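# Remarks on the overall topology
The residues making up each chain are set out below.
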Amino acid sequence: MSKKGIYRMPAEWEPQKSTWIAWPHNKKDWPGKFEQIPIIFSKIVAEISKVQSVNILAKDKSDFKKAQIFLNIFKAKIKNIKIIICKTDRAWTRDFLPIFIKDKKKRNVLSKWEFNGWAKYKNFVNDNKAYLRISKFKKNKIIRPKYNKKKIVLEGGSIDVNGKGYLLTTMQCLLSKVQQRNKGFNKDDYNQIFKKYFGVRKVIWLNKGIYGDDTHGHIDDIARFISKNKIFIATENNKKDINFKNLKENMKIIKKFKKESKERFQIIPIPMPKPKFIDGIRLPASYLNFYIANKVVLVPSFNDSKDKVVLKIFKKYFKNRRIIQIDSSILVWGFGTIHCLTQQEPI
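Quick caveat, the model's predicted, so the values are computed rather than measured.

## Section: the environment of Leu-288
Structurally, Leu-288 is set in the loop between strand S16 (281-282) and strand S17 (291-292). Judged by its relative accessible area of 1%, Leu-288 is buried. If near-sequence neighbours (up to four positions away) are discounted, Leu-288 is found in contact with Asp-220, Asp-221, Ile-222, Ala-223, Arg-224, Phe-232, Ile-233, Ala-234 and Ile-270.

## Overview of the sheet that holds strand S9 (residues 160-161)
Strand order across the open sheet formed by three strands is S9-S10-S11, with mixed pairing between neighbours. Among the strands making up the open sheet, the edge pair consists of S9 and strand S11 (202-206). As judged from the five bridges shared by strand S10 (residues 166-170) and S11, these two strands associate in the parallel manner. Its bridge partner being in S11, Thr-169 is matched across the sheet by Trp-205. Each of S10 and S11 touches helix H6 (residues 187-198); the most contacted strand, S11, lies at about 130° to it.

## Quick word on the nonpolar core
Of all hydrophobic cores here, the largest spans 87 residues; its most connected members are Ile-44, Ile-204, Phe-232 and Phe-290. Tallying contributions element by element places helix H1 (residues 37-49) first for this core, with seven residues. When near neighbours in sequence (up to four residues on either side) are disregarded, Phe-232 contacts Ile-222, Ala-223, Arg-224, Ile-226, Ile-268, Ile-270, Leu-288, Phe-290, Ile-313, Phe-314, Tyr-317 and Phe-318. Of all hydrophobic cores here, the second largest spans 24 residues; its members include Tyr-7, Ile-101, Ile-143 and Phe-185.

## Side note on the pairing of strand S2 (residues 53-58)
Summarising burial for S2: five of the six residues are buried, a large majority. Sheet analysis places strand S1 (residues 16-22) next to S2, joined by five bridges and oriented parallel. By the bridge assignment for S2, Thr-19 is matched with Val-54. Considered for its hand, the β-α-β crossover made up of S1, H1 and S2 is right-handed.

## Considering the confidence of the model for the protein
Of the residues in the protein, 99% reach a pLDDT of 70 or more, and the chain-wide mean stands at 97. Mean pLDDT across the elements of the protein ranges from a minimum in helix H7 (residues 244-261), with 95, to a maximum in S17, with 99.

## With respect to the pattern of salt bridges
Using the criterion set out here, one finds 16 salt bridges in the structure. With a closest N to O distance of 2.9 Å, Glu-14 and Arg-8 form a salt bridge. You can call Glu-14 partly exposed: its relative accessible area is 21%. Of the charged contacts, one joins Glu-12 and Arg-94 as a salt bridge, the two residues approaching to 3.8 Å between their closest N and O atoms.

## Points about the state of the cysteines
Counted under the stated rule, the structure contains zero disulfides. Between Cys-173, a free cysteine, and Cys-340, which holds the nearest cysteine sulfur, the sulfur-to-sulfur gap is 12 Å.

## Looking at the sheet that holds strand S18 (residues 296-301)
Sheets are built from strands that pair by backbone hydrogen bonding, the pairs being arranged parallel or antiparallel. Pairing in this open sheet of three strands is mixed, and the strands run S17-S18-S19 from one edge to the other. Of all the strands in the sheet, the pair left with one neighbour each is S17 and strand S19 (322-327). The sheet contact formed by S17 and S18 spans two bridges and is antiparallel. Pairing of Tyr-291 across the sheet is with Leu-298, part of S18. Contacts from H1 reach S17, S18 and S19, with the element oriented near 170° to S19.

## Re the side chain of Asp-127
Mapped onto the secondary structure, Asp-127 falls in helix H4 (residues 125-134). Within the buried core, Asp-127 has no salt-bridge partner, and the shortest N-O distance to an opposite charge, that of Arg-90, equals 5.2 Å. Among the polar contacts made by the side chain of Asp-127, one reaches the main-chain amide nitrogen of Arg-90 at a distance of 3.4 Å. Apart from the residues lying within four places of it in its own chain, the contact partners of Asp-127 are Thr-88, Asp-89, Arg-90, Phe-96 and Phe-115.

## Brief notes about the packing of aromatic side chains
If you walk through the whole model with that rule in mind, you get 28 aromatic pairs. Their ring planes at 90° and their centres at 5.0 Å tell us that Tyr-166 and Phe-265 sit as a pair that is edge-to-face. Separated by 99 residues along the polypeptide, Tyr-166 in strand S10 and Phe-265 in the loop between H7 and strand S14 (266-271) bring together distant segments of the chain. Accessibility classification places Tyr-166 together with Phe-265 in one group, the buried group. Look at Phe-194 and Phe-198: their rings are 5.9 Å apart centre to centre, the planes differ by 15°, and that puts the pair in the stacked class. Linking Phe-194 with Phe-198, this pair stays in helix H6, spanning four residues, or about one helical turn. Just as Phe-194 is buried, Phe-198 falls in that class too. Among the aromatic residues, those joined into a ring-pair cluster are Tyr-7, Trp-113, Tyr-147, Phe-185, Tyr-190, Phe-194, Tyr-197, Phe-198 and Trp-205. Positioned above the aromatic ring of Phe-290, the side-chain terminus of Arg-224 is 4.1 Å from the ring centre.

Reading the values: the criteria
Residues numbered from 1 in each chain as written. Predicted model: local features only at pLDDT ≥ 70, side-chain atom pairs only at ≥ 80, totals over all residues. Heavy atoms only, no water. Helix = DSSP H or I, 4+ residues; strand = E, 2+ residues; numbered from the N terminus. Buried < 20%, exposed > 50% of the residue type's maximum accessible area, 1.4 Å probe, protein only. Contact = heavy atoms within 4.5 Å. Pairing = 2+ DSSP bridges. Axes fitted to C-alpha atoms, helices over the stretch in contact; angles between N-to-C directions. Core = buried A, V, L, I, M, F, W, Y, C linked by side-chain atoms within 4.5 Å. Right-handed = clockwise from strand over helix to strand, strands pointing away. pLDDT = per-residue confidence, 0-100. Salt bridge = Lys/Arg side-chain N within 4 Å of Asp/Glu carboxyl O. Disulfide = S-S within 2.5 Å. Lys, Arg positive; Asp, Glu negative; His and termini not counted. Polar contact = N/O pair within 3.5 Å; in protein donor to acceptor, adjacent residues only side chain to side chain. Phe/Tyr/Trp six-rings, centres within 6.5 Å; stacked < 30°, edge-to-face > 60°. Lys NZ or Arg CZ within 6 Å of the ring centre and 35° of its normal.

Here it is as structure tokens:
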């Protein structure tokens, strides 16, 4: 691949103007546990609002008022928060909101990819249309990426970039016929798409995500760039665990890529928490679903012995940001945590 595309997707650690979040309302995403979810969202918003602006999508006036009440209780910085009434189906903005990219003049552009409920759920129409409401508040140009005249289904949680030409993703999510996003697309097709719209010159294709992930292999549970040449990657040491084989293979792939490309990537293993279950269902609990904001990093915790181990690793590699752990033991019952419910808008 040649080095340049038409646009560039900034890395998450680059300066942010705001964070986009949707106020939770879909009780089916957290059956029997929903009453705790607005509390967790409020804690997340409160922490982010102390360092930057937060835009919240509320489905109606009732939720608008609920959000105001909760955010005041949890001492969010209200002057940094804007609540916008916008119908949504779910709260996972990472996957259905536009991805902010930069044009050649470094202006923000909203890239609106198609969203189809992860090719799993049928109620996604409001999520797929949410960009229309956002476009009334953001005067940036909106593009709807196409490839061979076809619209492209792509979720923000399925990719991760370093802003310098590299992108992480999984074959399970983008190439599988299970929960198929784009019929007939192959690696080369995606390579061309990522080059054009994200400024990517090399794609690191890991194999599979973790068990229990209803997106079928999102990268933001297993591997993340934390700087242009450092990658956090999930590891499982228990050979009997269902994730052991796949995570070991991903590590092998990334080490091989590093060796063959001669890139000076530093690979940092992040342990998985012990298996987490609710109502007998194995959940996709992972420390990799963290969110990097301007002065803080919000990291999921799971009342697990590995929480402290992981906190030390994050503090070591994010020396200029405060690490804030958010108890996600109940949040993950919705099959996602902090990264899944945030979408950054760069400056």
